[in-house]
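Residues per chain are reported as follows:
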2 protein chains.
Amino acid sequence: MSSRARGPYAKSAEQRRRILDVAQDVFGRRGSHGASLREIADLAGMSQAGVLHHFGSKTGLLMAVLEERDQASRQQADTGATWDEQAQVARSMFERAIADRGLTQLFTTVTAESIVPGHPAHDFTVARYRRTAAEFTAALTEAAPAELEPDAAPATDMEGVARLVMAAMDGLQLQALLDPDADVLGAFDILLEALPLLASRSPGSTG
Amino acid sequence: MSSRARGPYAKSAEQRRRILDVAQDVFGRRGSHGASLREIADLAGMSQAGVLHHFGSKTGLLMAVLEERDQASRQQADTGATWDEQAQVARSMFERAIADRGLTQLFTTVTAESIVPGHPAHDFTVARYRRTAAEFTAALTEAAPAELEPDAAPATDMEGVARLVMAAMDGLQLQALLDPDADVLGAFDILLEALPLLASRSPGSTG
DNA sequence: GTCTATATTAAGATAGAC
DNA sequence: GTCTATCTTAATATAGAC
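Residues numbered from 1 in each chain as written. Chains lettered and ligands numbered in written order. Predicted model: local features only at pLDDT ≥ 70, side-chain atom pairs only at ≥ 80, totals over all residues. Heavy atoms only, no water.

A.B. asks: Teacher, can you tell me more about the packing of helix H6 (residues 101-113) of chain B against helix H9 (residues 158-178) of chain B here?
C.D. replies: The relative placement of two packed helices comes down to the angle between their axes together with the axis-to-axis distance. All names here are of chain B. Between H6 and H9, the shortest axis-to-axis distance is 10 Å and the interhelical angle comes to 120 degrees. When the axes of H6 and H9 are compared, the pair comes out oblique. The way H6 lies across H9 gives a crossing that is left-handed. Between H6 and H9, the residues in contact are Arg101, Thr104, Gln105 and Thr108 and Gln173, Leu174, Ala176 and Leu177, respectively. Looking at the contact of H6 with H9, its residues break down into three nonpolar, four polar and one charged. (Axes fitted to C-alpha atoms, helices over the stretch in contact; angles between N-to-C directions. Helix = DSSP H or I, 4+ residues; strand = E, 2+ residues; numbered from the N terminus. Parallel < 35°, antiparallel > 145°, perpendicular 65-115°, else oblique. Left-handed = near helix turned anticlockwise from the far one by under 90°. Contact = heavy atoms within 4.5 Å. Nonpolar A, V, L, I, M, F, W, Y, C, P; charged D, E, K, R; others polar.)

Rendered as structure tokens:
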């Protein structure tokens, strides 16, 4: 619908685009509760009622921002068949997140807020984490046999490894937002280099 | 001041205690913006003005909750001289966090909100992360030489290891809040078991 | 499609009685 | 120390003109 550069919907699509961009910034800086439609409207150069015309409600706008940004993020994953390639994909996704502070702040803030059931983005966030964990686990499971000893791979807790890498990314992104001087990429590399070692060890000795 | 079990301040201290407990829960569930003094007051069995009498302002109450809970958390750290003992301390801190959902939700939510400068708890959170990273790095540096090869230890990025473990704890706590079925302790153990391996490898091959 | 104006609700904080 | 009542501000959302 809105893919035409000219035509009846061109202007409207442009406005939606502008609102989505400033909304990402404001939701990231203020959180989903703290953000106000007034501030978004001011920065977008229109009235509060104008913003609501395009997205219906504040929740509608929030969901539109999240879904659009999430879809953009997903497109950069999904490649990488070998174990090392998986690590490289993870690393480049992490680098991109660190470089785009606004985007990282949006997801860090909104994800934390949406922990509680009843939050407008709760279902979205729960589904996003479940899906990411499942997809990453599957990718690791497929990639492992090609590179690791055949005996070790099946015994490895691949979902645990996937969740650990996801957690490191989230936690290090948080640290980067709190302290720009922290060498979070160096910390992430420590984990990535150890990935083959992690996968080849069987679990259980610590508990 | 308020350490007397009886006396002129006993009642007041009791009320403060009750308010702090309720406030931890509400700030955790609603976030620092979303939480209202009215809800806290209702659950504490008093009026909104009564709550403000004890803590002056909403921000004052938030800071009191954070400082008290942080102090309680810190008392369980600080022990463990060897490398394995450090891992065990981290593991038991993690287990405790997973068991106390309210406390984890409070810090996860408020930490994310306080990323932005100007948030009431911003300075508190930045200082907390800096201090934790510094202390944990120092503890690992002290513990390492006793267990690892003398040549490997100095080359290790101890702050990176410390930040990685911190990040894994934060990220896995987030996953546990979003999905109670996720085996986050298993994922954390994968990292802990690999700690000696991580420390004995020199950085640089992935970047 | 965008605006002004407004309805409605709810927040933090204060004043002053008891 | 606690209450009720109120002040002030700001939020989302709607109505209706243009």
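A.B. asks: What exactly am I supposed to notice about the protein's contact with DNA strand C here?
C.D. replies: With respect to spatial proximity, 16 residues lie near DNA strand C, and among them Gln15(A), Ser47(A), His54(A), Gln48(B) and Lys58(B) are the closest. Sugar and phosphate atoms constitute 55% of the interface atoms of DNA strand C, taking the interface as everything within 4 Å of the protein. Between His53(A) and DNA strand C, the recorded distance is 3.5 Å, taken from a side-chain N or O atom to a phosphate oxygen. Note that a phosphate oxygen of DNA strand C is positioned 3.0 Å from one of the backbone N or O atoms of Leu37(B). Those elements that provide at least two residues to the surface near DNA strand C are helix H1 (10-34) and helix H3 (48-55) of chain A together with helix H2 (37-44) and helix H3 (48-55) of chain B. In the surface near DNA strand C, the residues fall into six nonpolar, eight polar and two charged. (Near = heavy atom within 4 Å. Polar contact = N/O pair within 3.5 Å; in protein donor to acceptor, adjacent residues only side chain to side chain.)

A.B. asks: Sorry, what's going on with the relation of the copies chain B and chain A here?
C.D. replies: Relating one copy of the chain to the other takes a rotation about an axis and a shift parallel to that axis. Here chain B sits on chain A after a turn of 180 degrees about the axis and a move of 0.0 Å along it, with an RMSD of 0.0 Å. The symmetry that links the two subunits is that of a two-fold axis. The residues that chain B uses at the interface reappear at the interface of chain A in 100% of cases, marking a shared surface. (Least-squares fit on C-alpha atoms with pLDDT ≥ 70 in both.)

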